Amino acid sequence: MKVLSLNFLTCAVKTCKTQSDSYPLHPKDAELVQDDIELNEAFLINLLPRIDWKALSTTATELGFPALPSTPPTPEDLRADAKTLRDLHNLLLETQMVEGKLVCASCGHEYAVREGIANFLLPSHLV
Amino acid sequence: MSYSAGSHVTPVTEGKGEPSSMTTNAKSNSIRDAAAQSPEAYEDEHVHSVYESIAGHFSSTRYKPWPFIASFLRERVAAGSVGLDVGCGNGKYLGVREGGDVHMIGSDRSPSLVGIARGRGFDVAVADGLALPFRPGCADFVLCIAVIHHLSTRERRVDALRKLLACVRGDGQVLVYVWALEQSSSRRGWDVDSEQDQLVPWVMKANQNKKDKESGGNEGVDTTYERFYHLYREGELEDDMRAAGGRVLESGYERDNWWVIGGHSEKS
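Residues numbered from 1 in each chain as written. Chains lettered and ligands numbered in written order. Predicted model: local features only at pLDDT ≥ 70, side-chain atom pairs only at ≥ 80, totals over all residues. Heavy atoms only, no water.

> It is not clear to me how the overall build of chain A should be interpreted in this structure. Could you clarify?
Check the secondary structure of chain A and you find 5 helices and 4 strands. Along chain A, helices and strands appear, N-terminal first, in the series α-β-α-α-α-α-β-β-β. Looking at chain A residue by residue over its 127 residues, the buried ones come to 46%. Taking contacts inside chain A between residues at least 6 apart in sequence as the whole, the part at least 24 apart equals 69%. Put simply, chain A shows about 6300 Å² of open surface, and 52% of that area lies on carbon and sulfur atoms. (Helix = DSSP H or I, 4+ residues; strand = E, 2+ residues; numbered from the N terminus. Buried < 20%, exposed > 50% of the residue type's maximum accessible area, 1.4 Å probe, protein only. Contact = heavy atoms within 4.5 Å. Areas by Shrake-Rupley, 256 points an atom, 1.4 Å probe, with all protein chains shown as cover.)

Structural data, given as structure tokens:
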């Protein structure tokens, strides 16, 4: 699943919903693949306000990407700076986590990711 | 809302080859009673494990988007939106919006169906509708098509709607489809006087049952699976949406199904 999607995922455990450290989930033993996807500037600019930038920065660093700036780029930044646009496109849309685990820092539960699919079914003691 | 019983074309709701079933009141009440004892265990047997068993055959009968849902995705969703499809099945709605200007994530309780959706290149996760892994308020819209009717108590159906509402932002929309009780012209023939809680057979012809063929076990034998459904009465889905704390923005009937678009209530 794309790094973009990771930005929208959190722990499935009910009691973690109110714990701030349950988001974002932390990739562990992550295996990444790169896709080649056509860049869509308008789409990225429209997406920006939907992205939790702080969480994305954490995810990017944990996946071994260079640190993101502390504040998100503005639409003007993206229009003016081809490299920033390109890097963001690569991180969000072209990078997929296909194997590994997503770990909740609150409850410690590890969600397996296999063949690009994260499994959020909970063992009965966590439901 | 009203529905026109005379204007139906052949429903695309179900696969071919299933017998129509008329269930007696006594049997249906026993269905409700059995489900009430342990809804989780009941749904495990009569929903989750069934979909795991029929996933391939089920998926092959699910390729045509419902017209209203397709028009919702194509015409009402703004570019740059993020959408979730809870109970995405084989992912048939994840690619309806073309042009790469909306990001969709699907989830389903059935690993086999999620695997099929993934094979089509979609971003999908295995998750239970009552324990969703989505950041609260993250989505512009949520689809939940033919899912809630598989939950066996009203409490769980309302809870599921509450969980969907939690996924969308302040002005977000939740589009829900459920099977209608009022479908007298469908081949199942249920109507207002029928029982709402039903076990509905899914017959897998022997030649569709690949697993059995491979194992050599049941070759040549049809297998019947029974899925639990709660058939919704007119107005019930709207009531449940309000009970979940949501506001009914729009509702209607399309080919044997009731649908509602819900959102957060204005005060929230």
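> Looking at this structure, how should I read the overall build of chain B?
Counting its regular elements, chain B contains 7 helices and 9 strands. Across the 268 residues in chain B, those meeting the buried criterion constitute 56%. Long-range contacts, defined as pairs at least 24 residues apart, comprise 70% of the intrachain contacts of chain B with a sequence gap of at least 6.

> Just to check I follow, could you spell out the packing of aromatic side chains for this structure?
To describe a pair of aromatic rings, one takes the distance between the centres and the angle between the planes. Residue and element names in this part refer to chain B. Throughout the structure, instances matching the rule amount to 10 aromatic pairs over all chains. A ring pair is formed by Phe 58 and Trp 202, whose centres lie 5.7 Å apart and whose planes are at 50°; its orientation type is tilted. Of this pair, Phe 58 sits in helix H2 (residues 39–60) while Trp 202 sits in strand E6 (residues 197–204); the two residues are 144 residues apart in sequence, bridging distant segments of the chain. For the pair Phe 58 and Trp 202, a shared accessibility class is recorded, and that class is buried. (Phe/Tyr/Trp six-rings, centres within 6.5 Å; stacked < 30°, edge-to-face > 60°.)

> Looking at this structure, how should I read the pairing of strand E2 (residues 95–103) of chain A?
The two faces of a sheet get side chains in turn, since along a regular strand they alternate between them. All names here are of chain A. For E2, the buried fraction is high: 7 of the 9 residues fall into the buried class. Alignment of E2 against strand E3 (residues 110–114), held across 4 bridges, turns out to be antiparallel. What sits directly across from Val 103, in E3, is Glu 110. A loop of 6 residues connects E2 with E3, the two strands running antiparallel in sequence, and Gly 108 in this loop sits at a positive phi of about 85°. (Pairing = 2+ DSSP bridges.)

> Which parts of the structure should I look at to understand the side chain of A:His109?
Note on placement: A:His109 falls in the loop between E2 and E3. Beyond its immediate sequence surroundings of up to four residues, A:His109 is in contact with A:Leu102, A:Val103, A:Cys104, A:Leu122, A:Pro123 and A:Leu126.

> Before we go on, may I ask you to explain the nonpolar core in this structure?
Nonpolar side chains in soluble globular proteins tend to end up buried together. Ranked by internal contacts, the top residues of the largest apolar core, which has 70 residues, are A:Phe120, B:Leu164 and B:Val176. The element contributing the most residues to this core is helix H5 (residues 154–167) of chain B, with 6 residues. Not counting chain neighbours up to four residues away, the residues in contact with B:Leu164 comprise B:Val86, B:Leu132, B:Val142, B:Cys144, B:Ile148, B:Val174 and B:Val176. Counting 26 residues, the second largest nonpolar core, distinct from the first, contains B:Trp66, B:Phe72, B:Met104 and B:Val126. (Core = buried A, V, L, I, M, F, W, Y, C linked by side-chain atoms within 4.5 Å.)

> Any chance you could explain the environment of A:Thr95 here in plain terms?
Residue and element names in this part refer to chain A. Tracing the backbone shows Thr 95 in strand E2. Residue Thr 95 is classed as buried on the basis of its relative accessible area, which comes to 0%. Setting aside anything within four residues of it in sequence, one finds Thr 95 in contact with Met 1, Lys 2, Val 3, Leu 32, Val 33, Gln 34, Phe 65 and Asn 90. Polar contacts involving the side chain of Thr 95 include one to the side chain of Gln 34, which spans 3.1 Å. Among the polar contacts listed, one links the side chain of Thr 95 to the backbone oxygen of Asn 90, at a separation of 2.8 Å. (Polar contact = N/O pair within 3.5 Å; in protein donor to acceptor, adjacent residues only side chain to side chain.)

Read these as layout, nothing more, since geometry by itself doesn't imply function.
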